[in-house]
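Letter by letter, the chains look like this.
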Amino acid sequence: MGLELVSLTKNFPGFTLGPLNLKIDREILVIIGPTGSGKTTVLNLIAGMTEPGGGSVILDGSDITNLPVESRRIGYVFQTPSLFPHLNVYENIIFGLPKRERQQKNLHVKKLLDDLGISHLADRRVQGLSGGEMQKVSLARMLAIEPKIVLLDEPLAHLDPPTRRKLRLELRKILRSQGVPAIYVTHFEEDVYALADSVAVLHNGMIENAGRLETILASETSPFVSEILEEGNYIEGKVVESKGGMTIIKVGSHLLETLGEYSVGSKVGVVVRPEEILLSKEAVKTSARNVMQVQVADVAQEGSMADVQLRTDSLQLRVRVTDEARIELDIKEGDYIYAIFKAISPQVVREES
Amino acid sequence: MKQKDLSSGISRSGGRGFGIIFLILSGALIVYIAYPVANITTIIEPTTLLESIARPHVANAFLLSLVTATISTLLLALFGIPLAYCLVRYDFPGKFLLKVIVIIPLVIPPLASGTLLLGIFGPYSTVGQAFPVEFTQSVIGIIIAQTYVSSPFMILLAQAAFESVDESYEKVARVLGKGRLETFLRVSLPLAKTGIIAGFIMAWVRAVGELGATMMMAYNPHTISIQIFEDNAIGGFQQTIPGVLLVILMSVIVLAVFSAIKKGEGLKLGW
């Protein structure tokens, strides 16, 4: 069961994608890469919208390379929701179901609407929906046909940041509950932390690194991969307390404070942007809720900025400060200093019970 | 209101001058178009009108035009909509040439089109000889002429309609398991509906009013245009008025129907 790409290639004038070899099971694979790296083409090849130059696509054990798009039973969500404007929300969602199956699939559709929290929209016209609602309807429409694999092409890219964060947090649960493989294509690093079981980094048409998220995060990667994946600081921990709009997360020996409420005991992943962390020689008292003692592991100057790698017994942080500030504070490798950031900085991107 | 704000922001007097010039130019054209229609009612001689209406061949000619135009337009829809779709959605060598070919009937004067058609369907042509049917001087001849001359309206407007349909809807339908035909019928066609209806109406109106090509192909039986032409030639200007009034009445109805459809669609599509 699952999807397998075998030496899949596609040639464009001036650009070659592949050969790609990839195998995924019932998991969420996030393919990350910059614009023009061929991400969308990978999805189009799997969906059958683009004809490959060579190689094959194998889904659930059968070769579908030459199957027409409509016979593949693939769920594909695009950047824009593309809801049919001449149909209402419910009609959109059942569009893919053959007429004779609609009756028996009624319960399945109802559950989908409930799971996505859009039952109340069923009779609405699609024109009045918000961006997030539209994308949820397009997700429901795709899941209604019970696809054998789900492909998502930056479905959150056009949403406003708060909606994107919210839907991203829900998306992992929704996709996991389907029990089918999913490939999610993005250029947002947060999407990787929020959704991935495994990660593939696409660079100039080739997969530069693929593997389980934890392996990729732990291992030494190519400069390109680390450039893409280590923009922010990804930290995993366990919720120990959550009330009054505040949550305390235990990470090794540290307690991180962040905004929002999550179930106590659940495992969460947060991202802290390197430019949102302050460095101090002393544990000064400020309004910032997170202060931790760290050791400087590495200092690298990049133009007017300095990249400072910090380490404790249980986590690593990357911090960006101006090089001037670094010189004034005299931050050197091996020093013990303090990293300070506000409770609003850690963004919860992943929650698993 | 917005225009007013804009012009006052730049130059008040300049904006006013622009407004006056454009008002005069556009107003003059509107009067030029509408006044003859309004004027016809003032030059009717009641006795001649009654006498003319009593002649059934005006009504018959009008009816013949409506029926033949409807058949022609249905034929155009059947062949023209798929053609328009292919011209929009598929790329192939010679596509540009096809796009030029479809506007031939629009640029060739209708009388000349009629001559071209006679060359094919005339009694001494190959086609005319091959079939035991009267292509000329018959209802079939009228339909052939109307279909030829009105075809660009159907094709061009359907093309524009399909062009306005975002291809992503079709992609989504295909991924959701619908074949090309079902995708066309359930997505492309409904989304292009307003434009296609516009094409249907324009082609139909053109077919009803067709004179030149019909004259060459089938002077008889008379369509309404030929009837008006003949009434003028034989009986003079006053004789044409009943036919003209019928045609005007039809135009008013068509315009009303078209506006209603457009407005209804507009509400639905949120324009």
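Note that the structure is predicted; figures quoted are calculated from it, not measured.

Overview of the overall build of chain B
So, step 1. Along its length, chain B carries 15 helices and zero strands.
So, step 2. A principal-axis box enclosing the C-alpha atoms of chain B has dimensions of 60 × 60 × 30 Å.
So, step 3. For chain B, the proportion of its 271 residues judged to be buried stands at 33%.
So, step 4. Within chain B, contacts between residues separated by at least 24 positions form 76% of all contacts whose residues are at least 6 apart in sequence.

Section: the overall build of chain A
So, step 1. From N to C terminus, chain A includes nine helices and 20 strands.
So, step 2. Computed over C-alpha atoms, the radius of gyration of chain A comes to 22 Å, within 12% of the 20 Å expected from 2.2 N^0.38 for 353 residues, which places it in the range of a compact globule.
So, step 3. Expressed along its principal axes, the backbone C-alpha trace of chain A runs to roughly 70 × 50 × 35 Å.
So, step 4. Counting across all 353 residues of chain A, residues that qualify as buried make up 39%.
So, step 5. Long-range pairs, those at least 24 residues apart, make up 67% of the contacts in chain A between residues at least 6 apart in sequence.

Observations concerning the domain arrangement of chain B
So, step 1. Each domain of chain B was delimited in the assignment, giving domain 1 (1–43) and domain 2 (46–269).
So, step 2. One C-alpha centre belongs to domain 1 of chain B, the other to domain 2 of chain B; they are set 33 Å apart.

Concerning the sheet that holds strand β4 (residues 54–59) of chain A
Residue and element names in this part refer to chain A.
So, step 1. Pairing within the open sheet is antiparallel, and its four strands lie in the order β2-β1-β4-β5. The open sheet has two edge strands, β2 (15–24) and β5 (62–63), and neither has a second partner.
So, step 2. Pairing of strand β1 (residues 3–12) with β4 involves five bridges; the strand directions are antiparallel. If you follow glutamate 4 over to β4, its bridge partner there is isoleucine 58.
So, step 3. Set on the sheet, helix α1 (residues 39–47) makes contact with β1, β2 and β4; between it and β1 the angle comes to about 115°.

A closer look at helix α14 (residues 224–235) of chain B
All names here are of chain B.
So, step 1. Here α14 contains 12 residues, and its C-alpha end-to-end distance of 15 Å stays within 8% of the 16 Å for a straight helix at 1.5 Å per residue.
So, step 2. Those residues of α14 that sit buried are Ile224, Ser225, Ile226, Gln227, Ile228 and Asp231.
So, step 3. Two residues or fewer after α14 comes glycine 236, characterised by a positive phi angle close to 95°.

Observations concerning the interface of chain A and chain B
So, step 1. The partner chain B presents 15 residues to the 17 residues of chain A that form the contact.
So, step 2. Looking at the side of chain A that touches chain B, its residues break down into 10 nonpolar, five polar and two charged.

Observations regarding the sheet that holds strand β12 (residues 246–251) of chain A
Residues and elements named next belong to chain A.
So, step 1. Strands sit in the order β13-β12-β11-β14-β20 across an open sheet of five strands; the sheet is antiparallel. Two strands in the sheet have a free side with no partner beyond their single neighbour: β13 (254–259) and β20 (347–352). Adjacent strand axes in the sheet meet at a mean angle of 40°, parallel and antiparallel pairs treated alike.
So, step 2. Pairing of strand β11 (residues 233–243) with β12, which is carried by five bridges, proceeds in the antiparallel orientation. Pairing of valine 239 across the sheet is with isoleucine 249, part of β12.

Thoughts on the confidence of the model for chain B
Residue and element names in this part refer to chain B.
So, step 1. Per-chain confidence: chain B averages 88 in pLDDT, with 92% of residues scoring 70 or above.
So, step 2. Across chain B, element-level confidence peaks in helix α9 (residues 139–163) with a mean pLDDT of 96 and bottoms out in helix α1 (residues 2–10) with 48.
So, step 3. pLDDT under 50 marks residues 267–271. Its contacts with residues more than four places away, or in other chains, come to three contacts.
So, step 4. On the interface metric, ipTM, the complex scores 0.78, and its pTM is 0.79.

A look at the pairing of β11 of chain A
Residues and elements named next belong to chain A.
So, step 1. Here β11 runs beside strand β14 (residues 267–272); their pairing, made up of six bridges, is antiparallel. Bridged to glycine 237 within β14 is valine 268.
So, step 2. The turn joining β11 and β12, which pair antiparallel and follow one another in sequence, is formed by two residues; a positive phi near 60° is taken by glycine 244.

Examining the nonpolar core
So, step 1. Counting 119 residues, the largest nonpolar core has Val30, Ala140 and Leu151 of chain A together with Ala158 of chain B as its most contacted members.
So, step 2. For this core, the leading source of residues is α9 of chain B, giving eight residues.
So, step 3. The residues contacting alanine 140 of chain A, other than those within four sequence positions of it, are Ile93, Leu112, Leu113, Leu116 and Ile118 of chain A.
So, step 4. By size, the runner-up hydrophobic cluster in this structure holds 14 residues, among which are Leu117, Tyr148, Met217 and Ala218 of chain B.

Procedures and definitions
- Residues numbered from 1 in each chain as written.
- Chains lettered and ligands numbered in written order.
- Predicted model: local features only at pLDDT ≥ 70, side-chain atom pairs only at ≥ 80, totals over all residues.
- Helix = DSSP H or I, 4+ residues; strand = E, 2+ residues; numbered from the N terminus.
- Buried ≥ 20, exposed ≤ 12 C-beta atoms within 10 Å, placed from the backbone.
- Contact = placed C-beta atoms within 7 Å.
- Rg over C-alpha atoms; globule rule 2.2 N^0.38 Å.
- Domains from an automatic or database assignment.
- Pairing = 2+ DSSP bridges.
- Axes fitted to C-alpha atoms, helices over the stretch in contact; angles between N-to-C directions.
- Expected span 1.5 Å × (residues − 1).
- Nonpolar A, V, L, I, M, F, W, Y, C, P; charged D, E, K, R; others polar.
- pLDDT = per-residue confidence, 0-100.
- Core = buried A, V, L, I, M, F, W, Y, C linked by C-beta atoms within 7 Å.

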